[in-house]
Structures are given as C-alpha cells and as structure tokens.
Amino acid sequence: TGTPQAVYSAAGGGNWRNKATWKYLDGSAAAYFPTGIVDAYITGGLVNADSNARAKNLTINAGGNLSLSASKTLKVVENLLIKSDATSTGSFVDLGTTTVTGTTTVERYMTGNWDGNWPPATITWHYVASPVSGSTINAFWGGLLNYWNEPVTTWSPLTWPVTTPLVVNQGYSAAMPWNGVITYTGGTLNTGNRSITGLTNTDASAGRGFNLVGNAFPSAIKWNTSITLTNVDASAYLWNGSDYSEYLTTDPVNFEIPAGQGFFVHVKAGQTTGSMTIPNSNRTHSTQAYLKAVAATEKLTLAVSGNNLADETSIRINSSATKEFDSEYDAYKMWGTDACPQIYSMIPATNLAINSLPELTPQMVVALGFKAGVTDTYSLAASGLETFPTGTDFYLEDLLLNKIQNLGTNPVYEFSASPGNPAHRFNLHFAPYTGIPNTTAGNMTIYASENSVYVNIPMDLHGEIFVYDLLGKEVTHKPIAGNSLNRVDLNVQLGYYLVKVLGDKATVSGKVFIR
C-alpha cells in the first residue's frame, strides 16, 4: 500500500489519537492519526497525548505545543526535532515517558552581533541552558560561551575541547556573530524533577553567592513556591539584554521562565552551600520571551529610561516582610551594563531591586539610589499607584536638585544625571490619607527623615514653617509652598524638635525626632 503520508496538526490542535486533529501536508484531512510508521509535525495549537502515542519521526515546529500526560508513553521510532525561529520555539511538556531511537535535537534562535573584537563591550549576550543531556559546547562554535565562576565572581570562557559537555541544569552566557539557530543535540530530552546541587556562597555574604543555573526543560517552567529552595533566596534574576529583571517564587502570579533560559539565583547570606529542585509538574507552555510583570496589591514600580536603555525597581507592601532583607520577599540589586541607568532601593548594608515592607506607615520614606550610565536626560515613571489605599500621596524628592514632585498628579519625572553623581539621588515619600496625630488642619502632615523635616500641605496656603527646640528657641524657618511637600533641612543635634506651620487659612503643629 506504500509509505503512509506524513501528517501535521491543524491550527486548533486537539487530541493525538483523534484523526480530526491531523492533516496531510497538502492540507487535506488525514484519514489516520500518527503511528510508528507515520512522520508527524506539531504546528499551531496544543496537541494532547493523553493516551500512549507513537510516530516515525516527530517534529515540533516553532510555535507548536505538545503535552504528554502522566503515566503515558511517547515512542519516536527514528528522530525527534524541536524547531525554533525568530518568532517562537516549539514546546514539549513531558509528564510521562518518552523514548527516541534515533537522534534528539532542539533548536534555539538567537540574535548575535559579535564582530570578533575584544573586549566585547557592546555585543548581545544570552543566558542559556541545554534542554538535552548530551549536548556539547560545539553548539556555540564560532561564538563566545562562558560560565559564571562564583568563588572568584567572574566569567570563565569555554573554548576547547569542543567535546566539553554542557552541564545539565547549569546556565551559560553566549554571544554569536550572527542571527540564527543554534542546535543542541545528543542524549535525551531533560525530564523529571530537576535537582540542582552544588550552589555556593564562597564567603557567605550578601554580595557573593550568585549562581547561574538554567531551565533545562524543552518547555517553560512556573517560578513559584512549588520549587524547593534550600538555603537559596526566592528571587530569579533574568538578563534582558542590558540589565536584570527579578521575580519571586512568592509573587501572587505564577511566572514563566522560558525553555532553555539561564538565570541567576542567590545562596542566602550566612550560608556557604545551597540547592533547589524544580518539579517536572511545573512545566508549562509559554510564548513569553521574558517574564510578565507582577500583578500584586500595593506594589509601586519605578522605571527609569535613558541612553536608549532602561531599568526598574519595585516597592511592595507584604505583611509577612520586614524592613530588613527578606529572602522570600526581596531581591538584591544586580548591576547591568555600564551604559545602562540603574535604579534601586537602599537599605542598611545593601541595595535592592525588589523591596518588600511590612506595612504602609504614615510618612514612610524609602531611599532610592540612581546610577547614570552616561551624561543624559533621564525619565523616571511611576506605575501601580492605584494599588495603594485611596488618598495615599506619593512624592519623589530629588536630593541633588532639591526638587519634590507629586507622582500622583504627574507620575513621570524628567531629570539630568551624569556618572559620578551621588548614589543616594532620591527619596520616595508615602503620605497616606489617614495622616498622623500631628495632623490638625486640612490634612496637613508633619514628619522627619534623617536630618530633614517634611510638611505635606495639600492645599493653597501661604505663611511660614517654624522649627523650635524643646526649650522654645527657634532653630529655623522658611516660607510655605502650598500644594506641595515642603522640606526643611536642619543642622542640629539628635533629638526632638517642635514644628509649627502658621498659614493664612490654617495652623498645625507637631513634634519630630531628628537623627
């Protein structure tokens, strides 16, 4: 009767053993589903193999999705190929058992611009991990490939011999001289729970202990609390081409790390070793090139852009967090390229990309650091203000230019900056509607941060702000700026001081502590 025609899955996908799922290569309806004598191509929508399945040769095209149910088998008589192009990559979620008699190959499309010069300061780096067990560094022949050497905190090159294996579950940084497909081949597809051991923090500090691992599955994974972390912080650090983006297992949404994606994790400060296990059940199909934004309550994101590059930091309210670094809820700041602007929270002894605080307290002040890559005009945009209680005010204070902007009325702040400017560039002030006991008129609030007094005046008011010591001696005074957050800098000893606002429409007073 001749060799059976090859088949491909229709755009809508369907069940493997339903012939309506399949078409011949000429587009006509197939009379059968794939068996061990039929070549099969997975394209378009999801194909579910919830019964045992077979194919002669199996190709999962770019954008195609195949799932094998638990306790079921997939037998490929000859070769298995997962393809990739500039738009997408094929995905295989294997919760059962797959056997391939011939060769297993997985492609990954990568952009590249390395011109052979050194040092390669401006080239495009990708963080990668091999989805097959037998691939070697020869997959990146003609390009650059490095692994992260945690004990000495530097990149170490991999060049020779080309038969050097790519270690499963390990991440690598790669740069190629062209746009195109690199090919992982040899061995079998990685499946089953991924136990990642041997993670280190050589001196047990917060600044060390970053390890480059990888999603070694041929599918995306959910980064959530189902992942077992032993002496490892909850954040995954993903490289986006110029900077790092940080995501927590404890975030309220399950985030998806793409197939074959390398990412950093951090062994906890105070520990020298760590490990993690990614369950096979965390595998999922995803078209995401990088992770989505966090959907959370009471989360403020500050995104800075300039020099055609960008960075962001977030401040979140989480009742389980503390004001110090929390392994489950905070993420350290990792530095991007020298040309990229950097924005981050500053707490004692460290800098944070994600800063979770236990509660929104009246007149809370968060110190923000900024580093300019080049002398330029930068834009800082606030989002997520609507996730906070109604009436919460947000003021961005530029300490270098002595400016204060209400982010609630104008969430974008434009400023100039240069390399070498003071690191502590901004303060972010939270002023909830509820105020504090010192508020006696027109919802004005008085509070202090470090050696400055702040008076939030949400009205058109004219007059003076006076500061006195506890003996009643005037320390300083300044004119009121209505509809604004007023700052009064003091050069005084540590202690309590009295603040009095004398306005033409209202008067308020309060006591503050100056550090």
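This write-up is about the structure you can find in this document. Quantities reported herein were computed from a predicted structural model and do not represent experimental measurements.

Overall, antiparallel pairing links the three strands, which are arranged E25-E21-E28 in an open sheet. The open sheet has two edge strands, strand E25 (255-257) and strand E28 (283-284), and neither has a second partner. Both strand E21 (residues 220-223) and E25 contribute to a ladder of three bridges, which runs antiparallel. Paired with Trp 223 across the strands is Phe 255, a residue of E25.

Okay, a nonpolar patch on the surface next. Nonpolar side chains collect at one region of the surface, where Leu 470, Tyr 496 and Leu 498 lie side by side and expose about 290 Å² of accessible area between them. Structurally, Tyr 496 can be placed in strand E45 (residues 495-503). On the basis of relative accessible area, Tyr 496 is assigned to the partly exposed category, the value being 45%.

What follows concerns the environment of Thr 225. Checked against the element boundaries, Thr 225 lands in the loop between E21 and strand E22 (228-230). Judged by relative accessible area, which is 59%, Thr 225 ranks as exposed. In this structure, the C-alpha to C-alpha distance between Thr 225 and Val 168, residues 57 residues apart in sequence, is 22 Å. Contact partners of Thr 225, with chain neighbours within four places excluded, come to Thr 249 and Thr 250.

What follows deals with the pairing of strand E40 (residues 445-449). Burial runs high along E40: four of the five residues are buried. Two strands pair when backbone bridges link them, and E40 and strand E41 (residues 452-457) are joined in this way by five bridges, in the antiparallel orientation. Bridge pairing in E41 links Tyr 447 to Tyr 454. Hairpin connection of E40 to E41: two residues between the antiparallel strands, including Glu 450 at a positive phi of 55°.

A few words on unusual backbone geometry. If a residue is not glycine, its phi is most likely negative; likewise, a peptide bond is most likely trans. Across the junction of Trp 160 and Pro 161, the peptide omega takes the value -5°, indicating a cis bond. A positive phi angle is found at Ser 71, which is not glycine, with a value near 70°. One non-glycine residue, Glu 450, adopts positive backbone phi at about 55°. Mapping Glu 450 onto the fold places it in the loop between E40 and E41. Judged by relative accessible area, which is 52%, Glu 450 ranks as exposed.

Reading the values: the criteria
Positions within a chain are numbered from 1, following the residues in the order the chain's sequence is written. Whole-chain, interface and lining totals are the exception, using all residues; otherwise, since this is a predicted model, local features are given only for residues with pLDDT of at least 70 and side-chain atom pairs are given and counted only at 80 or more. Side-chain descriptors were evaluated using all non-hydrogen atoms of the structure, hydrogens and water having been removed beforehand. Between any two strands, pairing holds if DSSP finds at least two bridges. Runs of H or I in DSSP of at least four residues are treated as helices and runs of E of at least two as strands, each being numbered from the N terminus. By definition, no residue in a patch forms a salt bridge, and every one has over 30% relative accessible area; like charges are joined within 9 Å, nonpolar side chains (Val, Leu, Ile, Met, Phe, Trp, Tyr) within 5 Å. Accessibility throughout is a Shrake-Rupley quantity obtained with a 1.4 Å probe, and a residue counts as covered only by protein chains that appear here. Between Lys or Arg on one side and Asp or Glu on the other, a salt bridge is scored when a side-chain nitrogen of the former is within 4 Å of a carboxyl oxygen of the latter. Per-residue accessibility, obtained with a 1.4 Å probe over protein chains only, is compared with the maximum for each type, and a residue is labelled buried under 20%, exposed over 50%, and partly exposed between these values. When checking whether two residues touch, look at their non-hydrogen atoms; a contact exists if any pair is within 4.5 Å.

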